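Structural features, examined
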Amino acid sequence: MCSYTSRAAALVLLMGALACSDRPPGTAPDAAGGPNVLSTATNPELLARSLALALGDPAFRAHVKGELDRSPFREHKLSFQRFLAAGRGHALAAMAQRTGVATADLGRAADGAIPLEMYLPVPEHRRIWKGDANVLVATALADHDPPVAFDVRGNRLVLDPERPPATPVIAVVPVETDFSSSPAQLGECLWCGIFPPPPPQPPAPGLYLTKAHFVDDFEGWLKGGPEFEVHILGQKGQTDSLTDYQCAGEKQPAPYYFDQNALDWSGSVMLFSKVQLDAYNAAHPGQNIRVFVVEDDDTACQIKADRNLLNDAIKAVDGAYKAITAGNDSSSSAQKTFKRASAFQKLWAALGSLINTNDELVGNAVEDVVVGISHPRYNWIVKGQNNATNGWITLGMK
């Protein structure tokens, strides 16, 4: 009983230290960060501080640096809970020892936390950090929240949510990556030197995205690179509501696999097959589809955003362009093309079930001739909230 009580007391003291630890000069107090700053200790903060304290040990820093460098995932991400459990819990034990709590207690805190991932989200930080003690560990539950960070002595500070510090930062944040399988090795050639490569297969008929440029990544720096997705929205049943028919994103199987992690992308990804489009047109005569772009921060290929913001964005775009904000297959025997068409559905009746999470609404694609603005090599303009121009994309039928 005494052993359990002492361990629990140590854990409580550690959690209390999150709110009381000294801040470096010039660091704003929690209250100055506004309502999004975590005002009480949470499991991600507890785990972030424990990791930071463990990084005070040079051997542990070398271990963390090596694991991050070896990660095959984008931005060298690691599953945080899997990292703690690896090697019979080596990392968890090291963190518990440096933190002064029992390994079992810290393990329960990790198990009780939401799934987390760890990595250095800023490319320059990944380049300059050599495994030294000049490093911070930061966490935030929502994109654009002020990150709460700890140095290797356990001092707590609140970082600017819009600009990363010069000091390298290891992020411990909610999972965005699919760690269920290792990513395929790009460029691997199984038959090189044995058989000639097979000829490329012609693309399946459908609507394709071949080029994209966005004016912003719509992602806080602590969350690393963006995760853009393209959704096909259309009439729900025979109502005036919209529903999501298809998504192209980084966790989708081919031919809908789409992985844009920077402002510019070129390639070829199917957004909606000809079979899907023909079936849609047969079931919804006279109706058309919207091409809608989001930056996903939550469940892959599910639009989850503030309903009012989504409604306002669509209404602003529809109002500016007389609802010629959809498209459809306009191919002829001489040319395959995807052209502007009228949008009839009332979004506010369609998406009432959406919950408020962190997906960023990049916008609704509108053909350039409707907008009255053209850009070389692009033919549709992505219009977001307040009818802001958030990007340019190239759409076409193949």
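Calculation notes
- Residues numbered from 1 in each chain as written.
- Predicted model: local features only at pLDDT ≥ 70, side-chain atom pairs only at ≥ 80, totals over all residues.
- Heavy atoms only, no water.
- Salt bridge = Lys/Arg side-chain N within 4 Å of Asp/Glu carboxyl O.
- Buried < 20%, exposed > 50% of the residue type's maximum accessible area, 1.4 Å probe, protein only.
- Helix = DSSP H or I, 4+ residues; strand = E, 2+ residues; numbered from the N terminus.
- Pairing = 2+ DSSP bridges.
- Contact = heavy atoms within 4.5 Å.
- Axes fitted to C-alpha atoms, helices over the stretch in contact; angles between N-to-C directions.
- pLDDT = per-residue confidence, 0-100.
- Disulfide = S-S within 2.5 Å.
- Core = buried A, V, L, I, M, F, W, Y, C linked by side-chain atoms within 4.5 Å.

**Remarks on the pattern of salt bridges**
Side chains that differ in sign of charge can pair as their charged atoms come close. Tallied over the full model, the rule gives 19 salt bridges. Across the pair R163 and D160 runs a salt bridge whose closest N-O atoms are separated by 2.8 Å. What makes D160 partly exposed here is its relative accessible area of 30%. With a shortest N-O distance of 2.8 Å, D278 and K274 are connected by a salt bridge. Of this pair, D278 and K274 are both found in helix 7 (residues 274-283), four residues apart, which corresponds to roughly one turn of the helix. Exposure remark for K274: the relative accessible area of 28% places this residue in the partly exposed category. One network of salt bridges, with partners in common, ties together R74, E75, K77, E117, E176, E227 and E250.

**With respect to the sheet that holds strand 3 (residues 136-139)**
Ordered in space as 1-2-6-3-4-5, the six strands form an open sheet in which the pairing is mixed. The open sheet is flanked by strand 1 (78-79) and strand 5 (156-158), the only strands paired with a single partner. Inspection of the sheet shows strand 3 paired to strand 6 (residues 169-174) by three bridges, in the parallel sense. Bridged to V137 within strand 6 is I170. Running over the sheet, helix 2 (residues 43-54) touches strand 2 (116-119), strand 3, strand 4 (148-150), strand 5 and strand 6 and is turned about 170 degrees from strand 3. Relative to strand 2, helix 3 (residues 58-70) is tilted by about 100 degrees, and along the sheet it contacts strand 1, strand 2 and strand 6.

**Considerations on the confidence of the model for the chain**
Fine structural detail should not be taken from predicted coordinates in areas where pLDDT scores are low. Chain-level statistics for the chain give a pLDDT mean of 83 and a share of 80% at 70 or above. Low pLDDT (under 50) marks residues 185-191, which in the prediction has zero contacts with non-local residues, meaning those over four places away or in another chain. The low-confidence segment residues 348-357, where pLDDT is below 50, has 21 contacts with residues more than four positions distant or belonging to other chains.

**Description of the state of the cysteines**
Scanning the entire structure with this criterion turns up one disulfide. The residue that forms a disulfide with C247 is C301, at a sulfur-sulfur distance of 2.0 Å. Disulfide C247-C301: torsion about the S-S bond near -65 degrees, hence left-handed. Within this pair, whereas C247 is found in strand 9 (residues 242-248), its partner C301 is found in the loop between strand 11 (290-295) and helix 8 (307-320), the two being separated by 54 residues in sequence. Taken individually, C247 and C301 each receive the classification buried, so the pair is uniform in this respect.

**Focus: the nonpolar core**
Among the nonpolar cores identified, the biggest contains 35 residues, and L51, L55, F60, F80, M118 and I170 are the most heavily contacted of them. If one sorts the elements of this core by residue count, helix 4 (residues 80-99) sits on top with eight residues. Leaving out residues up to four positions away in the same chain, M118 has contacts with L51, V64, L68, H76, K77, L78, F80, F83, I170, A171 and V172. Grouped together as the second largest cluster of nonpolar side chains are 27 residues, L207, I232, L277 and V382 included.

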